[in-house]
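# Per-entry structural report
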Amino acid sequence: AAAAIYSALRNQNIEYSAQPELTSPVSAGGITKVISSKSATPLEMALLYASCLEAAKLNPVIVIGRQGVAAGVWLYESCFTVTAQDDMSVIEKYVQDGVNNLAIFDVTDLFSHKNASFTTSESHFLSALRRSEYEICVDIKRCRIGGVYPIPIKVRQGGKYELLGEAQFSYDQKPGEIIDAAKY
């Protein structure tokens, strides 16, 4: 499923947009426009991938370094004991062949100017990890367990914005009854 989501995003032909340095605060609230604008920073692309994984009921992780971003998924129903793992040797152990607890790839391989499969991108991430290019891994499931949730969705209706309730965009919620307007 993680590789299928990778392929689906890869086929969107999204252009690489320059990313500000990750050593200072970065706004990443524009991921809803990524598909329509066909442009994203690596951080926005990682967040889009992670949100797709969460929608598929999988447990994503985002790995951040000074210059790069990687995204991945737990291959088993698991998570770390902390929200942010800063010991990259632990990450390296979890992605090793034979262990295979995490599948993490280099997010820049999702952009249209690259042509890398999911497994090739995983090896790109592992090479960068061994060169100490990454510093922290954020476990999204552990964040959710700790009470950190996404910002509520705002929709514009009639010139004003309205916050949608969780039931309005839940994947488990049944759609409302559709009225047959043909008889009117």
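Look up a bit, the structure's there.
We now turn to the structure provided with this report. All values reported here derive from a predicted model rather than from experimental measurement.

### Focus: the pairing of strand β4 (residues 69-74)
Across the six residues that make up β4, a large majority, six, are buried. Pairing analysis gives five bridges linking strand β3 (residues 60-64) to β4, with the strands arranged antiparallel. Within the sheet, the bridge partner assigned to Pro60 lies in β4 and is Val73. What sits between the antiparallel neighbours β3 and β4 is a turn of four residues. Bridge count between β4 and strand β6 (residues 102-106): five bridges; the pairing is antiparallel. When the sheet's bridge partners are listed, Ala70 is paired in β6 with Asp106.

### So, the environment of Val63
Note that Val63 resides in strand β3. Taking the C-alpha atoms as reference points, Val63 and Ile91, separated by 28 residues in sequence, lie 9.4 Å from one another. Sequence-distant contacts of Val63, that is, excluding residues within four places in its chain, are made with Gly68, Val69, Ala70, Met88, Ile104, Phe125, Tyr134, Ile136 and Cys137.

Analysis parameters
- Along each chain, residues carry numbers from 1 onward, in the same order as the chain's sequence is written.
- The predicted origin of the model limits local features to residues at a pLDDT of at least 70 and limits the giving and counting of side-chain atom pairs to 80 or more, whereas totals for whole chains, interfaces and linings rest on all residues.
- Think of the side-chain values as coming from all heavy atoms in the structure, minus any hydrogens and water.
- Buried, partly exposed and exposed residues are distinguished by accessible area as a fraction of the type maximum, computed with a 1.4 Å probe on protein chains only: under 20%, between the cut-offs, and over 50%, respectively.
- Elements are defined by DSSP. Helices are runs of H or I of four residues or more, strands are runs of E of two residues or more, and each kind is numbered from the N terminus.
- Being paired, for any two strands, means DSSP has found at least two bridges between them.
- Here, two residues are considered to be in contact whenever any of their heavy atoms come within 4.5 Å of each other.

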